[in-house]
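Spelled out, the chains give:
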Amino acid sequence: FAHAITKRSTSRRDMVARSGPLSLFSALNKMFPAYARTDDGKGFRDGVSEMQLNKELQKNGFTRIRDRRICAHKRSEDPNGAGMYLFSHLQWKDPSQPEEREVLIQ
């Protein structure tokens, strides 16, 4: 799933959130809610949790980095909910690009 909706980048500045509404788990929950287990009890209890998904992604080559900016927020304080830990060298696929849209459709 994560490989299907993201692409690798050579820049460390390209990052995707590990938590919050802009994360891979949030995308999974919106696209396939039956496969996500959420804290609010609305998800499928046999689904994958955000923590499990992030651990599996790291085991499979997704690089976790800590945001070391002075203004970096803890997840509980971040208005986007992303927090200080992100996946680096990663971008969302862009549906406005024909070749990436074709991959997303498949």
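Scroll up to find the structure.
Throughout what follows, the structure given in this document is the object of discussion.

Calculation criteria
- Residues numbered from 1 in each chain as written.
- Predicted model: local features only at pLDDT ≥ 70, side-chain atom pairs only at ≥ 80, totals over all residues.
- Heavy atoms only, no water.
- Buried < 20%, exposed > 50% of the residue type's maximum accessible area, 1.4 Å probe, protein only.
- Helix = DSSP H or I, 4+ residues; strand = E, 2+ residues; numbered from the N terminus.
- Contact = heavy atoms within 4.5 Å.
- Phe/Tyr/Trp six-rings, centres within 6.5 Å; stacked < 30°, edge-to-face > 60°.
- Lys NZ or Arg CZ within 6 Å of the ring centre and 35° of its normal.
- Salt bridge = Lys/Arg side-chain N within 4 Å of Asp/Glu carboxyl O.
- Pairing = 2+ DSSP bridges.
- Axes fitted to C-alpha atoms, helices over the stretch in contact; angles between N-to-C directions.

What follows concerns helix H2 (residues 24-31). Listed as buried for H2 are Leu24, Phe25, Ser26, Ala27 and Leu28. Turning to H2, the residues buried within the fold contact helix H1 (2-5), strand E1 (6-8), strand E2 (15-17), helix H3 (50-59), strand E4 (85-88) and strand E5 (90-92).

Using the criterion set out here, one finds three aromatic pairs in the structure. Plain terms: the ring middles of Phe1 and Phe32 are 6.0 Å apart, the flat faces sit at 80° to each other, and that makes the pair edge-to-face. Here the residue Phe1 occupies a position in the segment before H1, and Phe32 occupies one in the loop between H2 and H3, the gap between them amounting to 31 residues. Of the residues examined, Phe1 reaches a relative accessible area of 35% and is grouped as partly exposed. With 5.8 Å between their ring centres and 70° between their planes, Phe62 and Phe87 make a pair best called edge-to-face. Taken together, the residues Phe62 in the loop between H3 and strand E3 (63-66) and Phe87 in strand E4 connect sequence positions 25 residues apart. Sitting over the ring of Phe62, Arg8 keeps its end group 4.8 Å from the ring centre. Across the ring face of Phe87, the terminal group of Arg18 is positioned such that the distance to the ring centre comes to 5.4 Å.

Even without being a glycine, His89 presents a positive backbone phi close to 55°. Here His89 lies in the loop between E4 and E5.

Within this structure, the stated rule accounts for two salt bridges. Linking Glu100 and Lys7 is a salt bridge whose minimum nitrogen-to-oxygen distance equals 2.5 Å. Residue Glu100 is found in helix H4 (residues 98-105), and its partner Lys7 is found in strand E1; the two are separated by 93 residues along the sequence. Glu56 serves as the salt-bridge partner of Lys59, at 3.4 Å between the closest nitrogen and oxygen. Taken as a pair, Lys59 and Glu56 lie in helix H3 at a separation of three residues, close to a single helical turn.

All right, on to the sheet that holds E2 then. The strand order across the open sheet built from three strands is E2-E4-E3, with neighbouring strands paired in antiparallel fashion. Only two strands of the sheet have a single partner each, and these edge strands are E2 and E3. On average, each strand axis in the sheet is inclined to that of its neighbour by 45°, with strand direction left out of account. By the bridge criterion, three bridges tie E2 to E4 in an arrangement that is antiparallel. In the sheet register, Met15 faces E4, and the bridge partner there is Ser88.

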